[in-house]
Amino acid sequence: QVQLVESGGGLVQPGGSLRLSCAASGSISSINTMTWYRQAPGKQRELVAIITSRGGTVYADSVKGRFTGSRDNAKNTVYLQMNSLKPEDTAVYYCNADRILTSGPNIRWLNDLWGQGTQVTVSS
């Protein structure tokens, strides 16, 4: 079974830093673009960062210059380094894989796979 698991969230003070990880587990051949989203209470889910299969990145204006996305294809993991955190960054952060090619006896495509999220709280 293939799944995504986010980790690294927690409580930090304004100006602090966190590094989030999203690891894909299971029998995987390859993963295409992976994307970080966040959702604050009472708000719609917001796209935060896109990390392409080759490590290219695009960021939302709200986090540009503060957040850095990266990936390690050998580990099937993407990261989100968050610096200079603000209270408005408080949200549950999710990762998404647009397309995964599985391996093993039953090779198949998995589309639009989501993790369960990790809570980030920025407060003094």
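Please refer to the structure placed before this passage.
An account of the accompanying structure is given in this report. Source: prediction; values computed, not measured.

**Digging into the overall build of the protein chain**
Regarding its fold elements, the protein chain presents zero helices and 12 strands. Each helix (α) and strand (β) of the protein chain, taken in turn from the N terminus, gives the series β-β-β-β-β-β-β-β-β-β-β-β. For 124 residues, the compact-globule estimate of 2.2 N^0.38 gives 14 Å, and the protein chain sits close to it at 15 Å. With the principal axes as the frame, the protein chain shows a C-alpha extent of 50 × 25 × 20 Å. By the burial criterion, 40% of the 124 residues in the protein chain qualify as buried. Sequence separation of at least 24 residues holds for 56% of the intrachain contacts in the protein chain that already meet a minimum separation of 6. Carbon and sulfur atoms make up 46% of the accessible area of the protein chain, which totals about 6,600 Å².

**Structural notes on the pattern of salt bridges**
A complete count under the given rule lists four salt bridges for this structure. In this structure, the salt-bridge partner of Arg38 is Asp89, at a minimum N-O distance of 2.9 Å. Separated by 51 residues along the polypeptide, Arg38 in strand E5 (residues 34-39) and Asp89 in the loop between strand E9 (77-82) and strand E10 (91-102) bring together distant segments of the chain. Neither residue differs from the other here; Arg38 and Asp89 are each classed as buried. Linked through salt bridges whose partners overlap, the residues forming this network are Arg38, Glu46, Arg66 and Asp89.

**Here we look at the sheet that holds strand E3 (residues 18-25)**
The strands making up a sheet are joined through hydrogen bonds of the backbone, oriented either antiparallel or parallel. The strand order E1-E3-E9-E8 describes an open sheet built from four strands, whose pairing is antiparallel. Lying at the two open borders of the sheet, with one neighbouring strand each, are strand E1 (3-7) and strand E8 (67-72). Along the sheet, successive strands turn relative to each other by an average axial angle of 15°, direction set aside. Two elements, E1 and E3, share five bridges in a ladder whose sense is antiparallel. Bridge pairing links Leu4 to Ala24 in E3.

Calculation rules
- Residues numbered from 1 in each chain as written.
- Predicted model: local features only at pLDDT ≥ 70, side-chain atom pairs only at ≥ 80, totals over all residues.
- Heavy atoms only, no water.
- Helix = DSSP H or I, 4+ residues; strand = E, 2+ residues; numbered from the N terminus.
- Rg over C-alpha atoms; globule rule 2.2 N^0.38 Å.
- Buried < 20%, exposed > 50% of the residue type's maximum accessible area, 1.4 Å probe, protein only.
- Contact = heavy atoms within 4.5 Å.
- Areas by Shrake-Rupley, 256 points an atom, 1.4 Å probe, with all protein chains shown as cover.
- Salt bridge = Lys/Arg side-chain N within 4 Å of Asp/Glu carboxyl O.
- Pairing = 2+ DSSP bridges.
- Axes fitted to C-alpha atoms, helices over the stretch in contact; angles between N-to-C directions.

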